[in-house]
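This is what each chain is made of:
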Amino acid sequence: MGFRALCLGMFCVLFVSHIYTPMPDNIEERWKVMALDAMAKTCTFVAICFENIGIMRYEEFISMLFRLDYTQPLSDEYITVTDTAFVDIPVRLYLPKRKSETLRRAVIYIHGGAFCFGSYKQTASDLLNRWTANRLDAVVVGVDYRLAPQYHFPAQFEDVLAVVKFFLQDKILKKFGVDPTRICIAGDSSGGALAAAVTQQVQNDPEIKHKIKMQALLYPALQAIDSYLPSHRENQHGIILTRDTAIKLVSLYFTKDEALTQAMRRNQFMPLESKHLFKFVNWSTLLPEKYRKDHVYTEPVLVSPGYSLPALMDSRASPLLASDSQLRSLPLTYVLTCQHDLIRDDGLMYVSRLRNVGVQVAHDHIEDGIHAALSFMASPLYLHVGLRIRDMYISFLGRNL
């Protein structure tokens, strides 16, 4: 009995130490955030345990939990909601019911989920897209791209690009009554990465007739070649998203080989031929001073031959790697970053790079913000910061789209 009690006690200590995260002083609704963070880390802990004892893979368990939150395409008195497909890729359409004397604006929204999880069917995504369609009197398209690790990069990019190109056809825009000069691509987290990459592609492709008026990137993940930015250090054991979890999921985006995960944890995984790319993510020059603090910049160790994954050097996977000439053609860009977010610096550096080449950028920084705040907009798990980010995003689109 004593041995069992000791084992139970040690397990409890291990469990609590694994899920406990100190809360920054400026966090609003502190106890609710602590509870949500504990829930997220408990799910991660259980998923890792299940994987280690061979019950199911980590990502399979987390995906199962995500699917519990799926919604049906329910219309209401203001919006008609339907699930359909564009070029065999699932989409959810939100069409305002009220009559319009003019062509409507449109938003193509790309959900987050670390390229491995999520759907437009999630309660939070459905609420945001429904709210967008109603408040802006806009046509909204939610996209369900293929997910890792069943499908690796560039499947996700290709799916989103295919949907966007399909939607931009004259006959489709006419069908839905959309003004071709008032179209936005938006996304959060990994969805922000896909939105940024697809916008770069569309704006630089001379064969695509209609271009994007604006892009909206909400706490976006925009690079995967440096895993030790200041925000990674400050939020290594951060709220909702930790460095270990992010690296595990980003690795799955590219490969199931766990050697990449281990190499990314050491920040020693890029090949020698990638050296020219690090100027695009050099935080010592691209981050505002207040975010550099007393951190010391050291370029990631390049290895020979390095991890043989060309995708790691592809700007379609890491939009921050795009050249200045590619960035100059980008439209009005809205970027929202959160202070207590592991990937905060990706968005901050993108703001700097876009401004440096003359792109019009609007940037909101949420001092008490956390990653995935938009996932918490439904009772009883709603957070005021999530609702605030939603309103800032909608307000900007309302004024500028």
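Anything mentioned here points back to the structure above.
The paragraphs below set out a description of the structure included in this document. Note that this is a predicted model, so its numbers are computed, not measured.

Our next topic: the overall build of the chain. Scanning the chain from terminus to terminus reveals 15 helices and 10 strands. Here the C-alpha atoms of the chain give a radius of gyration of 21 Å, agreeing with the 21 Å that 2.2 N^0.38 yields for 401 residues. Structurally, the chain occupies a C-alpha span of about 75 × 50 × 40 Å along its principal axes. In the chain, buried positions account for 56% of the 401 residues. Counted over contacts in the chain with a minimum sequence separation of 6, partners at least 24 positions apart contribute 75%. Per element, the accessible surface of the chain, about 17500 Å² overall, is 56% carbon and sulfur. Mean positive and mean negative side-chain charge positions of the chain (43 and 41 charges, respectively) differ by 3 Å.

On to the environment of Gly 142, then. Residue position: Gly 142 is located in strand S4 (residues 139-143). Along the chain, Gly 142 and Thr 102 lie 40 residues apart, while their C-alpha atoms are 23 Å from each other. Excluding residues within four positions of it along the chain, Gly 142 makes contact with Pro 90, Val 91, Arg 92, Tyr 109, Tyr 120 and Asn 129.

Let us now look at the sheet that holds strand S9 (residues 332-340). Reading across from one edge, S1-S2-S4-S3-S5-S6-S9-S10 is the order of the eight strands in this open sheet, with mixed pairing throughout. Two strands in the sheet have a free side with no partner beyond their single neighbour: strand S1 (79-86) and strand S10 (361-370). Strand after strand, the sheet turns through a mean of 20° between neighbouring axes, direction not considered. Here strand S6 (residues 214-218) pairs with S9 via five bridges, running parallel. Paired with Ala 216 across the two strands is Tyr 334, which belongs to S9. Sitting on the sheet, helix H5 (residues 155-167) touches S1, strand S2 (89-96), strand S3 (104-110), S4 and strand S5 (178-188), and the angle it makes with S4 is about 155°.

Glancing now at the pairing of S5. With eight of its 11 residues buried, S5 lies for the most part within the structure. With six bridges connecting them, S3 and S5 associate as parallel partners. When the sheet's bridge partners are listed, Ile 110 is paired in S5 with Gly 187. Here S5 pairs with S6 via five bridges, running parallel. For Asp 188, the partnering residue across the bridge sits in S6 and is Leu 218.

For the pair helix H9 (residues 243-254) and helix H10 (residues 258-266), interaxial distance at closest approach is 9 Å and the crossing angle is 135°. Taken as axis vectors, H9 and H10 run oblique relative to one another. The handedness of the crossing between H9 and H10 comes out as right-handed. Contacts between H9 and H10 involve Arg 243, Asp 244, Ile 247, Lys 248, Val 250, Ser 251 and Phe 254 on the former and, on the latter, Leu 260, Thr 261, Met 264 and Arg 265.

Within a pair of aromatic rings, the relevant descriptors are the distance that separates the centres and the angle that separates the planes. Here the structure, examined in full by the defined rule, presents 13 aromatic pairs. With a centroid separation of 5.7 Å and 70° between ring planes, the pair formed by Phe 153 and Tyr 253 is classed as edge-to-face. Within this pair, whereas Phe 153 is found in the loop between S4 and H5, its partner Tyr 253 is found in helix H9, the two being separated by 100 residues in sequence. This pair shows no difference in class: Phe 153 is buried, exactly as Tyr 253 is.

In an α-helix, one turn spans 3.6 residues; hence positions three or four apart end up facing the same way. Over its 12 residues, H9 runs 17 Å from end to end, which matches the ideal 16 Å to within 8%, given 1.5 Å per residue. Burial of H9 is extensive: 10 of the 12 residues sit out of reach of the surface. Among all positions in H9, only Arg 243, Thr 245, Ala 246, Ile 247, Lys 248, Leu 249, Ser 251, Leu 252, Tyr 253 and Phe 254 are buried. Here the buried face of H9 lies against helix H2 (30-52), helix H3 (58-67), H5, helix H7 (190-203), helix H8 (230-234) and H10.

A few words on H7. Over its 14 residues, H7 extends 20 Å from the first C-alpha to the last, a length consistent with the 20 Å expected when each residue adds 1.5 Å. Counting buried positions over the 14 residues of H7 gives 13, a clear majority of the element.

The subject of this paragraph is the nonpolar core. Core analysis: the largest hydrophobic core is formed by 75 residues, its most contacted members being Ile 110, Val 141, Phe 167, Phe 254 and Tyr 350. For this core, the leading source of residues is H7, giving seven residues. In this structure, Phe 167 is in contact with Phe 86, Ala 106, Ile 108, Val 139, Val 141, Ile 172, Leu 173, Phe 176, Val 178 and Ile 183, ignoring residues within four places of it in sequence. In this structure, Ala 186, Tyr 334, Phe 376 and Val 385 belong to the second largest nonpolar core, which totals 42 residues.

Moving on, we come to the pairing of S4. Walk down a regular strand and you will see the side chains alternate between the two sheet faces. Within S4, five of the five residues are buried, which leaves the element mostly enclosed by the surrounding structure. Of the two faces of S4, the one lined by Val 139, Val 141 and Val 143 and the one lined by Val 140 and Gly 142 are each fully buried. As paired elements, S2 and S4 share four bridges and run antiparallel to each other. Paired with Tyr 94 across the strands is Val 140, a residue of S4. By the bridge criterion, five bridges tie S3 to S4 in an arrangement that is parallel.

Calculation criteria
- Residues numbered from 1 in each chain as written.
- Predicted model: local features only at pLDDT ≥ 70, side-chain atom pairs only at ≥ 80, totals over all residues.
- Heavy atoms only, no water.
- Helix = DSSP H or I, 4+ residues; strand = E, 2+ residues; numbered from the N terminus.
- Rg over C-alpha atoms; globule rule 2.2 N^0.38 Å.
- Buried < 20%, exposed > 50% of the residue type's maximum accessible area, 1.4 Å probe, protein only.
- Contact = heavy atoms within 4.5 Å.
- Areas by Shrake-Rupley, 256 points an atom, 1.4 Å probe, with all protein chains shown as cover.
- Lys, Arg positive; Asp, Glu negative; His and termini not counted.
- Charge placed at Lys NZ, Arg CZ, Asp CG, Glu CD.
- Pairing = 2+ DSSP bridges.
- Axes fitted to C-alpha atoms, helices over the stretch in contact; angles between N-to-C directions.
- Parallel < 35°, antiparallel > 145°, perpendicular 65-115°, else oblique.
- Left-handed = near helix turned anticlockwise from the far one by under 90°.
- Phe/Tyr/Trp six-rings, centres within 6.5 Å; stacked < 30°, edge-to-face > 60°.
- Expected span 1.5 Å × (residues − 1).
- Core = buried A, V, L, I, M, F, W, Y, C linked by side-chain atoms within 4.5 Å.

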